[in-house]
Amino acid sequence: MAQTQVHPQQGPNPFQQMPLMGQQTPQQVAINGYLGIDPALMAQITSHVQRPPNNASPAQQLAAVQSLFDVLRHGGTLGLRWQDGTGREPRSPSDTLRARGGDCDEMSTLFYAAARQLGIDVSGFRLSTMTLVSGGARVEHAPLLLEMGGSKYIVDPVMPRIVPVRDFNDATLIGILGPYFHLSGQGPSAATTPVTIQDRNDFTGAADIASVELLQRAVRNSLLGTSAGTASARRDLERIAAIGSSTPIITRQRDTVAQNLFLAYFNGADNAFTGGARGAPVVKGYSDALAIIGLVPSIANANEARIYRTHGGLGLCFKSQGRPAEARAEFSAQIRMRPADPVGYRNLINLEYGLGNRQGAIAACDAALQGIPQGPDYNAIQAFRAQLVAKGTKKP
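The model shown is predicted, which means the values in this text are computed figures rather than measured ones.

Student: Sorry if this is basic, but what is going on with the overall build of the protein chain here?
Tutor: Across its full length, the protein chain holds 15 helices and 8 strands. The globule rule puts the C-alpha radius of gyration for 396 residues at 21 Å, and the 28 Å found for the protein chain is more than 25% above it. For the protein chain, the C-alpha atoms occupy an extent of roughly 95 × 55 × 35 Å along the three principal directions. Within the span of the protein chain, comprising 396 residues, buried residues form 48% of the whole. Contacts in the protein chain between residues far apart in sequence, at least 24 positions, make up 62% of those at least 6 positions apart. Carbon and sulfur atoms make up 53% of the accessible area of the protein chain, which amounts to about 17500 Å² in all. Averaging the coordinates of the 36 positive side-chain charges in the protein chain and doing the same for the 30 negative ones gives two points 8 Å apart.

Put into structure tokens, the structure is as follows:
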């Protein structure tokens, strides 16, 4: 299982309320794009599991859960197996089924996605992420917990059976999971080191489940330092942003991914710009960096100086490419960001002057003199304005 942890967010069964394909909201498209299992793969499941009837009783719902468990558990009907996820890209539900296995959270998410697609009531499910610790042993795990018909169950596809429990307290989970993972502290002959649960977080709802699973993949790919990894992480970030979860841990992880991607785009473009490049690759890199800010505005404040430089760099690239309207828009964005900073005004003044637009240059000077504090820059712009009025030619 991967490291990402989340908090619960309650909600109704989102699959059962899902509109027809043409009526889906961007959030639903993003959720179903991740949790929706490919039809050909889903047919492998439905050939063994019947959908519960409309208005199914809790007993009928639980029977469907048990039937699905027998198909998708480790060593079940379809031959799925637990597979270590270390060092590889986290798998979607479809990919987990296609690969005939995955790590614990991948198998649990596959089960949840399949139940949702079968029309099983998933409102009582939660995915519980935790680290079981005993002495020097640490096991990261992510079972599904289910409350249905007034009873509680551990529905863990890594385990051989569904386990009824009295509650979902840490002590209860330790009592079931500790011995299963051969951790000490259980049984009369066990070592004296107790088993504890650390970093436990439970969450429900398709929005948070899809978000946290997408985040695991996005975090990993955003750190690869490859163009393919960056592109994949950006696609997942776009989905996460469309889902729009407000769960704090999810938003923090989302911001981490966004920051990684912003820096990847910005640093690549800015290094090339500093080296004298002004062509399409620099424009694309700077534009991609701004697109990440558009997706996740919460990281804008931490990157204010870089964003300011990005607008200036884009403007100078556009200017060198003979694209004055776009250059003007970028320099104007600089001025809006820092009304008291002379750099944006200088860029705009020089653009207008270079285009032979003397009145536009004078107007840009006037705006600068109203915005920046008095000092050397103020005096230089004031002197240049006087030259413009007198049809001078020296740039500020």
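Student: Please explain the confidence of the model for the protein chain as it appears in this structure.
Tutor: Atomic detail in the predicted coordinates should be set aside for any region of low pLDDT. Residue-level pLDDT values for the protein chain average 92, and 91% of them are 70 or greater. This stretch, residues 2-21, has a pLDDT under 50; its non-local contacts, to residues over four places away or in other chains, come to 58 contacts.

Student: Explain the pattern of salt bridges here, please?
Tutor: Pairing of side chains with opposite charge becomes possible as their charged atoms draw close. Across all of its chains, the model carries 20 salt bridges by this definition. Linking Arg234 and Glu238 is a salt bridge whose minimum nitrogen-to-oxygen distance equals 3.5 Å. Remark: Glu238 and Arg234 occur in helix α8 (residues 227-243); sequence separation between them is 4 residues, near one turn of the helix. You can call Glu238 partly exposed: its relative accessible area is 36%.

Student: Would you mind going over the nonpolar core with me for this structure?
Tutor: The tendency in soluble globular proteins is for nonpolar side chains to be buried as a group. Within the largest apolar cluster, 92 residues are counted, with the highest numbers of intra-cluster contacts made by Ile45, Leu68, Leu72 and Val155. For Val155, the contacting residues outside a window of four places in its chain are Val65, Phe69, Phe111, Phe125, Pro143, Leu144, Leu146 and Ile162. With 15 residues, the next largest nonpolar core counts Val139, Leu145, Leu183 and Ile197 among its residues.

Student: Help me understand the pairing of strand β3 (residues 125-134) in this model?
Tutor: It is a general feature of regular strands that their side chains alternate between the two faces of the sheet. The element β3 is largely enclosed, with a buried count of 9 among its 10 residues. Judged from the 3 bridges that link them, β3 and strand β5 (residues 144-148) form a sheet pairing that is antiparallel. Note that in β5 the partner of Phe125 across the bridge is Leu146. In the sheet, β3 pairs with strand β8 (residues 196-203) via 6 bridges, with the strands oriented antiparallel. Counted as the bridge partner of Leu132 is Ile197 from β8. Examined bridge by bridge, β3 and strand β4 (residues 137-141) share 5 bridges and lie antiparallel to one another. Bridging from a neighbouring strand, Ser134 pairs with Ala137 of β4.

Student: Explain the side chain of Ser222 to me, please; I cannot follow it from the model alone.
Tutor: By secondary structure assignment, the location of Ser222 is in helix α7 (residues 206-222). Of note is the side chain of Ser222, whose polar atom sits 3.1 Å from the side chain of Asn260. In contact with Ser222, not counting residues within four places along its chain, are Gly229, Ala233, Val257, Asn260 and Leu261.

Student: Is there a simple way to explain the packing of aromatic side chains in this structure?
Tutor: Two measures describe an aromatic ring pair: the distance that separates the ring centres and the angle between the ring planes. Tallied over the full model, the rule gives 8 aromatic pairs. For the ring pair Phe69 and Phe111, a centre distance of 6.4 Å and an interplane angle of 65 degrees mean the geometry is edge-to-face. Highlighted residues: Phe69 in helix α3 (residues 58-72) and Phe111 in helix α5 (residues 104-118), separated in sequence by 42 residues. With respect to class, Phe69 is no different from Phe111; both count as buried. Note on Tyr112 and Phe125: the rings are 6.5 Å apart at their centroids and 90 degrees apart in plane angle, and the pair reads as edge-to-face. Here Tyr112 is found in helix α5, whereas its partner Phe125 is found in strand β3, with 13 residues between them in sequence. Feature note: the residues Phe69, Phe111, Tyr112 and Phe125 constitute an aromatic cluster, connected by ring pairs. The aromatic ring of Phe273 is capped on one face by Arg278, whose charged end is 3.7 Å from the ring centroid.

Student: Any chance you could explain the side chain of Asp236 here in plain terms?
Tutor: Relative to the elements of secondary structure, Asp236 occurs in helix α8. Other than its neighbours up to four places away in sequence, Asp236 contacts Leu214, Arg217 and Ala218.

Student: Please explain the packing of helix α1 (residues 26-35) against α5 as it appears in this structure.
Tutor: Helix-helix packing is described using two parameters, namely the angle between the two axes and the distance between the axes. The contact between α1 and α5 brings their axes to 10 Å, and the two run at 115 degrees. Taking contact as the criterion, the partners of Ile31, Asn32, Tyr34 and Leu35 in α1 are, on α5, Thr109, Tyr112, Ala113, Arg116 and Gln117. By residue class, the composition of the contact of α1 with α5 is 5 nonpolar, 3 polar and 1 charged.

Student: Whenever I open this one, the packing of α1 against α8 confuses me. Can you help?
Tutor: Relative to each other, α1 and α8 sit at 130 degrees, their axes nearing to 7 Å. Relative to α8, the element α1 is oriented oblique. For α1 against α8, the interelement crossing comes out left-handed. Residues Pro26, Gln27, Ala30, Ile31, Gly33 and Tyr34 of α1 pack against Arg239, Ala242 and Ile243 of α8. Here the contact of α1 with α8 is built from residues that sort into 6 nonpolar, 2 polar and 1 charged.

Student: Please clarify how the environment of Val389 should be interpreted in this entry.
Tutor: Along the chain, Val389 turns up in helix α15 (residues 376-389). Spatially, the C-alpha atoms of Val389 and Val65 are 81 Å apart, while their sequence positions differ by 324 residues. Contact partners of Val389, with chain neighbours within four places excluded, come to Arg358 and Ile362.

Quick notes on the rules
- Residues numbered from 1 in each chain as written.
- Predicted model: local features only at pLDDT ≥ 70, side-chain atom pairs only at ≥ 80, totals over all residues.
- Heavy atoms only, no water.
- Helix = DSSP H or I, 4+ residues; strand = E, 2+ residues; numbered from the N terminus.
- Rg over C-alpha atoms; globule rule 2.2 N^0.38 Å.
- Buried < 20%, exposed > 50% of the residue type's maximum accessible area, 1.4 Å probe, protein only.
- Contact = heavy atoms within 4.5 Å.
- Areas by Shrake-Rupley, 256 points an atom, 1.4 Å probe, with all protein chains shown as cover.
- Lys, Arg positive; Asp, Glu negative; His and termini not counted.
- Charge placed at Lys NZ, Arg CZ, Asp CG, Glu CD.
- pLDDT = per-residue confidence, 0-100.
- Salt bridge = Lys/Arg side-chain N within 4 Å of Asp/Glu carboxyl O.
- Core = buried A, V, L, I, M, F, W, Y, C linked by side-chain atoms within 4.5 Å.
- Pairing = 2+ DSSP bridges.
- Polar contact = N/O pair within 3.5 Å; in protein donor to acceptor, adjacent residues only side chain to side chain.
- Phe/Tyr/Trp six-rings, centres within 6.5 Å; stacked < 30°, edge-to-face > 60°.
- Lys NZ or Arg CZ within 6 Å of the ring centre and 35° of its normal.
- Axes fitted to C-alpha atoms, helices over the stretch in contact; angles between N-to-C directions.
- Nonpolar A, V, L, I, M, F, W, Y, C, P; charged D, E, K, R; others polar.
- Parallel < 35°, antiparallel > 145°, perpendicular 65-115°, else oblique.
- Left-handed = near helix turned anticlockwise from the far one by under 90°.

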